[in-house]
Amino acid sequence: MEKRLTIHKTHAENASDNSSGGAGNQFEINPLALMRRVIEKRRLIVAICSLVVLATAGYMLLQPNLYTSRSTILPSGQGDNFSSLKAMVGLTGAIGGQVDDNSSTLFPVILKSDLVRSGVLAKQYDFTVDGEQMSQTLSEYFGLDDPDRLRDALAGITKVDTDSRTGEIAVLVETQYPSLSQAILREYISQLEAYNLNKRRSGAKNNEMYLARQMESAGSALEAAEDSLEAFRLRNAAWAEFASPQVMKLHTRLQREVELRSRAYLLLQEQFELAKFEAQKDVPIVRILDQPTLPTQKSGPFRRNIVILSAILSFGLMVFGIMIADLISQAIRGANQTTYDELKDDVQKAFPRTTHIVERAHKRVSRRREMASVDR
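What you see is a predicted model; the values in this text were computed from it and never measured. (Residues numbered from 1 in each chain as written. Predicted model: local features only at pLDDT ≥ 70, side-chain atom pairs only at ≥ 80, totals over all residues. Heavy atoms only, no water.)

Quick word on the overall build of the protein
Next, step 1: For the protein, the count of helices and strands is 14 helices and six strands.
Next, step 2: Nonlocal contacts in the protein, meaning residues at least 24 apart in sequence, comprise 77% of its contacts between residues at least 6 apart.
Next, step 3: For the protein, the exposed surface amounts to about 26700 Å²; the carbon and sulfur share of it is 56%. (Helix = DSSP H or I, 4+ residues; strand = E, 2+ residues; numbered from the N terminus. Contact = heavy atoms within 4.5 Å. Areas by Shrake-Rupley, 256 points an atom, 1.4 Å probe, with all protein chains shown as cover.)

Next comes the structure, spelled out in structure tokens:
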């Protein structure tokens, strides 16, 4: 008899342990139960997914087609043989990485600069749309007047990519009109060439400017020396007949000064001509491999893919919501029921008005459900 009682007691303790363990294991994700819940809520899921898909499709139909014009610029100047390796290890622009004056390395920086963008924005563009001639500024195209916002909008339709291995620069412009994209890209290249020719200073160009200043100074000194010699000769017109040693000495000194100034000026002039030639040769050349293209096929938006993606995402979010709701229902059952009730009371005390509104809405929903069940 004692053995039987002991056995029954042991079974009772195991049962209590199992029940306490089950209460402690509060969160369980059962795939089969989740599938049942999804099937039960299939109408709600289909309805919400359909609304999301219809809203996405309607929005995408309102979006205009976009067309991208593309151009490729070849690298120029002396490149860095280790540029690819530096790019891989993140040492681009490190100490000692000098950029050649005639290199195209700075082309992307110039194309993205406010100077070039302002030049592109200032132009009036003439293009055709379905056979009709149109003339429009980018301010009219974007519907903006603020310069900063205009530059940001232009940056949004422009893409500049550099191949780290070959150094090729790809420039892309995307707008609603194919010919406008091509015209804007052409203006980008024109602004780049104008900057290189007129504003970008290389070492040879700086040397030319320095020699020009030196030659101007040497010319002034030569003129002053010639004027001094001329004035001396006018004051001593008969110096050849009544020349004294002092007069001869001063004349020789002035004449020697003129000869020295003349030689210095001629030397600077020769160096200046060579510097001009070097500066002309040192102008960074924009070598265009592919001229701006006239796109014939749209580059976006991809409406079908976006609609399909919205359907998948909405379905996934609905399933995730059902799973979260099931976990919440598990959390407020069993051992957590008391804690849940206490939390509910605290929320009602903290937000009485909100709680009252929620209760009224809940009562209305309950009444509608009861009326619907009675009608059935």
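Additional details are given in the paragraphs that follow.
Quick notes on the packing of helix α6 (residues 114-121) against helix α9 (residues 178-198)
Next, step 1: Running from N to C, α6 and α9 point in directions that differ by 130°, and their axes come no closer than 9 Å. The angle between the axes of α6 and α9 places the two elements in the oblique class. As for the relative orientation of α6 and α9, their crossing is right-handed in sense. From α6, Leu115, Val116, Arg117, Gly119 and Val120 reach across to α9, where they touch Ile184, Glu187, Tyr188, Gln191 and Tyr195.
Next, step 2: Across the contact of α6 with α9, the residue classes tally to six nonpolar, two polar and two charged. (Axes fitted to C-alpha atoms, helices over the stretch in contact; angles between N-to-C directions. Parallel < 35°, antiparallel > 145°, perpendicular 65-115°, else oblique. Left-handed = near helix turned anticlockwise from the far one by under 90°. Nonpolar A, V, L, I, M, F, W, Y, C, P; charged D, E, K, R; others polar.)

Concerning the pattern of salt bridges
Next, step 1: For the structure on display, the rule yields six salt bridges.
Next, step 2: Residue arginine 151 pairs with aspartate 114 through a salt bridge whose shortest N-O separation is 3.8 Å. Highlighted residues: arginine 151 in helix α8 (residues 147-156) and aspartate 114 in helix α6, separated in sequence by 37 residues.
Next, step 3: Aspartate 114 gets classed as partly exposed once you look at its relative accessible area, which sits at 45%. (Salt bridge = Lys/Arg side-chain N within 4 Å of Asp/Glu carboxyl O. Buried < 20%, exposed > 50% of the residue type's maximum accessible area, 1.4 Å probe, protein only.)

Quick word on the confidence of the model for the protein
Next, step 1: Taken residue by residue, the protein gives an average pLDDT of 79. The fraction at 70 or more is 77%.
Next, step 2: Summarising per-element confidence for the protein, the mean pLDDT is lowest in helix α1 (residues 2-24) (44) and highest in strand β5 (residues 169-175) (95).
Next, step 3: Of the regions scoring below 50 in pLDDT, residues 79-99 engages in eleven contacts with residues more than four places distant in sequence or in other chains. (pLDDT = per-residue confidence, 0-100.)

What to know about the packing of aromatic side chains
Next, step 1: For the structure shown, the criterion picks out three aromatic pairs.
Next, step 2: For the pair tyrosine 141 and phenylalanine 142, a centre-to-centre distance of 5.1 Å together with 75° between the ring planes defines the contact as edge-to-face.
Next, step 3: Joined through ring pairs, the aromatic side chains of Phe127, Tyr141, Phe142 and Tyr177 make up one cluster. (Phe/Tyr/Trp six-rings, centres within 6.5 Å; stacked < 30°, edge-to-face > 60°.)

Digging into the side chain of threonine 158
Next, step 1: Within the secondary structure, threonine 158 sits in strand β4 (residues 158-162).
Next, step 2: Of note is the side chain of threonine 158, whose polar atom sits 2.8 Å from the backbone oxygen of leucine 154. (Polar contact = N/O pair within 3.5 Å; in protein donor to acceptor, adjacent residues only side chain to side chain.)

Focus on a positive patch on the surface
Next, step 1: The grouping of Arg360, Lys363, Arg364, Arg367 and Arg368 at the surface amounts to a positive patch.
Next, step 2: Looking at where lysine 363 falls in the secondary structure, it is placed in helix α14 (residues 352-375). (Patch = residues over 30% accessible without salt bridge, like charges linked within 9 Å, V, L, I, M, F, W, Y side chains within 5 Å. Lys, Arg positive; Asp, Glu negative; His and termini not counted. Charge placed at Lys NZ, Arg CZ, Asp CG, Glu CD.)

Remarks on the environment of arginine 70
Next, step 1: Examined against the element boundaries, arginine 70 turns out to sit in strand β1 (residues 67-74).
Next, step 2: Residues arginine 70 and proline 292 lie 222 residues apart in sequence; the distance between their C-alpha atoms is 5.3 Å.
Next, step 3: Those residues in contact with arginine 70 that sit more than four places away from it in its chain are Ala170, Val171, Leu172, Leu185, Gln291, Pro292 and Thr293.

Describing the side chain of arginine 151
Next, step 1: Take arginine 151: its relative accessible area is 17%, and that puts it in the buried class.
Next, step 2: Looking at arginine 151, its side chain comes within polar contact range of the side chain of serine 118, at 3.4 Å.
Next, step 3: Discounting residues that sit within four places of it in the chain, arginine 151 has contacts with Asp114, Arg117, Ser118 and Leu121.

Description of α6
Next, step 1: When α6 is considered as a whole, its buried residues turn out to be Val116, Arg117, Gly119, Val120 and Leu121.
Next, step 2: Of the surrounding secondary structure, the elements contacted by the buried residues of α6 are α5 (107-111), β2 (124-129), α7 (138-142), α8 and α9.

Quick notes on a negative patch on the surface
Next, step 1: Residues Glu223, Glu226, Asp227 and Glu230 make up a contiguous surface patch of negative charge.
Next, step 2: As for its placement among the helices and strands, glutamate 230 is situated in helix α10 (residues 203-235).

A word on the pairing of strand β3 (residues 132-137)
Next, step 1: Bridge analysis of β2 against β3 gives six bridges, and the strand direction is antiparallel. Looking at β3, one finds that phenylalanine 127 is bridged to methionine 134. (Pairing = 2+ DSSP bridges.)

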